[in-house]
Amino acid sequence: MEAEWLALMASTATYQNVSSRDVYGKKTGGTVVSFKCHIKLNRRETYDSEGNNVVYGGTVIMDGVYDIQKNAILNMPDGTTPKILNVQTFYDEVGPHHTTVDFEG
């Protein structure tokens, strides 16, 4: 099972936990942490009176357990930095196994 799990981890992304904010509220990141991951993307269309609005989001399944905060700066392989909606750690019979991050934007 471990070989199949590692085969899913085809992408590499990074995150930076926020160390501070400037006077305008812009996040300043700390140390860059690189990780192997599997990215599941989804597309949501919302319609208003002027047309539609397409929002991209998804889930990053991180290979391992990471101390990523909900307000961290997530840098995707395509160069985007989406907003983190949720961070969750999953456990198996031994202990913590992997972390998932839900994102949007």
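## Let's talk about the pairing of strand 8 (residues 96-104)
- One ladder, built from six bridges, connects strand 5 (residues 51-62) with strand 8; its direction is antiparallel. Of the residues in strand 8, the one forming a bridge with Gly 58 is Phe 103.
- Pairing between strand 7 (residues 83-91) and strand 8: eight bridges, direction antiparallel. Residue pairing for strand 8: Ile 84 is matched across the bridge by Phe 103.
- Joining the antiparallel neighbours strand 7 and strand 8 is a turn of four residues.

## A word on the environment of Arg 43
- Within the fold, Arg 43 resides in strand 4 (residues 33-48).
- Expressed as a C-alpha distance, the spacing of Arg 43 and Ala 72, which sit 29 residues apart in the sequence, is 22 Å.
- Those residues in contact with Arg 43 that sit more than four places away from it in its chain are Val 54, Val 55 and Tyr 56.
- Among the polar contacts listed, one links the side chain of Arg 43 to the side chain of Tyr 56, at a separation of 3.3 Å.

## A look at the side chain of Asn 17
- Tracing the backbone shows Asn 17 in the loop between strand 1 (11-16) and strand 2 (18-21).
- With relative accessibility at 17%, the residue Asn 17 sits in the buried group.
- In this structure the side chain of Asn 17 is engaged in a polar contact, spanning 2.8 Å, whose partner is the backbone oxygen of Asp 67.
- Only 2.9 Å separates the side chain of Asn 17 from the backbone nitrogen of Gln 69, close enough to count as a polar contact.
- Asn 17 has contacts with Thr 28, Gly 29, Gly 30, Asp 67, Ile 68, Gln 69 and Ala 72, leaving out every residue within four places of it along the chain.

Criteria and cut-off values
Residues numbered from 1 in each chain as written. Predicted model: local features only at pLDDT ≥ 70, side-chain atom pairs only at ≥ 80, totals over all residues. Heavy atoms only, no water. Pairing = 2+ DSSP bridges. Helix = DSSP H or I, 4+ residues; strand = E, 2+ residues; numbered from the N terminus. Contact = heavy atoms within 4.5 Å. Polar contact = N/O pair within 3.5 Å; in protein donor to acceptor, adjacent residues only side chain to side chain. Buried < 20%, exposed > 50% of the residue type's maximum accessible area, 1.4 Å probe, protein only.

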